[in-house]
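Here's the letter readout for the chains.
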Amino acid sequence: MRDYKIVVLGAGGVGKSSVTVQFVQGVYVESYDPTIEDSYRKQIEIDGRACDLEILDTAGVAQFTAMRELYIKSGKGFLLVYSVTDENSLKELLALREQVLRIKDTDNVPMVLLGNKCDLEEDRVLSIEDGVKVSQDWGLVPFYETSAMYKTNVDEAFIDVVRQIMRKEAAISAEKKQQKEQQKKLQENTKSPIEINGDINKEKVSEATTKTPRAKQSAIDPAKPKSQSKCCTIM
Ligand SMILES: Nc1nc2c(ncn2[C@@H]2O[C@H](COP(=O)(O)OP(=O)(O)OP(=O)(O)O)[C@@H](O)[C@H]2O)c(=O)[nH]1
């Protein structure tokens, strides 16, 4: 079973805990209790592979965000959550994504963008198009409008990020394998024929052995031309 560490990030009150608890336990948390840090585990089969997910529900409110950098360092995949009822929560995500890319030191980080509370149509201030626009600006990061309350797109979002991690890990191990093979080929090519082929080795050794006396002879025979003696010395 493989381990997948997923980190849920976003502003305070957007529904990070609700989305996480709905995915892990299948229940909706109505009350609001600002998170400091909660860790959940869930075992799930994705594409025929058993996965052990460790999900870190992080703090959104400013006074609890000191540990964020550490969470990001340890995370393999990220759920970036905003609320469709809160314009600022989407703006906050822009800075959060930058922080993730900076800490990970790559643009290729498994992540999904979640516009949560999509059931609250009357309070909505951000449209689907607003989310799509951000997803496009981020290089087509998968985007889901979710409702933790109705479990809309919640499983889909988590499974998407795990699949991204799987693809990334597969690509990295394929690249490592290719590099090893290239290195092996390079080493073989730089070896002399004597080292590569045992038979050649024997042949060369016996040839060299049988030729050595002649070489010595020609070297001490002043009657032989110089070019011939050089040839024998090389062997
Ligand atoms: N209608 C509706 N309410 C939601 C949804 N998701 C969360 N809520 C409510 O929004 C409030 C905040 O949800 P939380 O899940 O605690 O938010 P959070 O992002 O974890 O908040 P912090 O821990 O402070 O960062 C709670 O009262 C939830 O019941 C949703 O999809 N629809």
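Now for a look at the structure at hand. Worth saying up front: this structure is predicted, and the values here are computed from it rather than measured.

Our next topic: the site of the ligand. Taken together, 23 residues surround the ligand, and among them K16, S18, Y32, T35 and A148 come closest. Residue G13 places a main-chain N or O atom 3.0 Å away from an oxygen atom belonging to the ligand. In the model, an oxygen atom of the ligand is placed 2.6 Å from a nitrogen or oxygen of the K16 side chain. In isolation the ligand offers 650 Å² of accessible surface; the protein chains occlude 93% of this area. No other element matches the three residues that helix α1 (residues 16-25) contributes to the shell around the ligand. Grouping the constituent residues of the shell around the ligand by class yields nine nonpolar, 10 polar and four charged.

On to the pairing of strand β5 (residues 111-116). Most of β5 sits inside the fold, with six of its six residues counted as buried. Burial of β5 is two-sided: the residues M111, L113 and G115 facing one way and the residues V112, L114 and N116 facing the other way are all buried. Across six bridges, the pairing between strand β4 (residues 77-83) and β5 is parallel. Note that in β5 the partner of F78 across the bridge is M111. The parallel pair β4 and β5, bridged by helix α3 (residues 87-104), forms a crossover whose chirality is right-handed. Alignment of β5 against strand β6 (residues 143-145), held across three bridges, turns out to be parallel. Looking at β6, one finds that G115 is bridged to E145.

Here the focus is the layout of surface pockets. There is about 500 Å³ of room inside the largest pocket. What lines the largest pocket is a set of 29 residues, among which G15, S18, V29, S31 and Y32 lie closest to the centre. Among the elements of the structure, α1, β2 (37-46) and β3 (49-58) are those that each provide at least two residues to the lining of the largest pocket. Considering every element that reaches the lining of the largest pocket, the biggest residue donor is α1, with four residues. When grouped by side-chain class, the residues that make up the lining of the largest pocket number 12 nonpolar, 10 polar and seven charged. Each pocket or cavity is described by its volume, and for the second largest pocket that value is around 180 Å³. K73, S74, G75, K76, K104, N108, V109, P110, I165, K168, E169 and I172 together form the lining of the second largest pocket. Where the lining of the second largest pocket is concerned, the elements lending two or more residues are α2 (68-74) and α5 (154-190). When residues of the lining of the second largest pocket are assigned to their parent elements, the largest contribution, four residues, is made by α5. Grouping the constituent residues of the lining of the second largest pocket by class yields four nonpolar, three polar and five charged.

Of note, the phi angle at D47 is positive, near 50 degrees, even though the residue is not glycine. In this structure, D47 sits in the loop between β2 and β3. By relative accessible area, which is 53% here, D47 ends up exposed.

As a further point, take α1. Counting buried residues in α1 gives eight out of 10 residues, a clear majority hidden from the surface. K16, S18, V19, T20, V21, Q22, F23 and V24 are the residues of α1 that are buried. Buried residues belonging to α1 abut β1 (2-10), β2, β3, β4, β5 and α5. One or two residues past the end of α1 sits G26, with phi positive at roughly 70 degrees.

Conventions used here
- Residues numbered from 1 in each chain as written.
- Predicted model: local features only at pLDDT ≥ 70, side-chain atom pairs only at ≥ 80, totals over all residues.
- Heavy atoms only, no water.
- Near = heavy atom within 4 Å.
- Polar contact = N/O pair within 3.5 Å; in protein donor to acceptor, adjacent residues only side chain to side chain.
- Areas by Shrake-Rupley, 256 points an atom, 1.4 Å probe, with all protein chains shown as cover.
- Helix = DSSP H or I, 4+ residues; strand = E, 2+ residues; numbered from the N terminus.
- Nonpolar A, V, L, I, M, F, W, Y, C, P; charged D, E, K, R; others polar.
- Buried < 20%, exposed > 50% of the residue type's maximum accessible area, 1.4 Å probe, protein only.
- Pairing = 2+ DSSP bridges.
- Right-handed = clockwise from strand over helix to strand, strands pointing away.
- 1 Å grid on protein atoms, 1.4 Å probe; cavity = no way out; pocket = protein on both sides within 12 Å on 5 of 7 lines; lining within 4 Å.
- Points joined across faces, edges and corners; volume = space filled by probe spheres on them.
- Contact = heavy atoms within 4.5 Å.

Everything listed is a geometric property; what it means functionally is a separate question.
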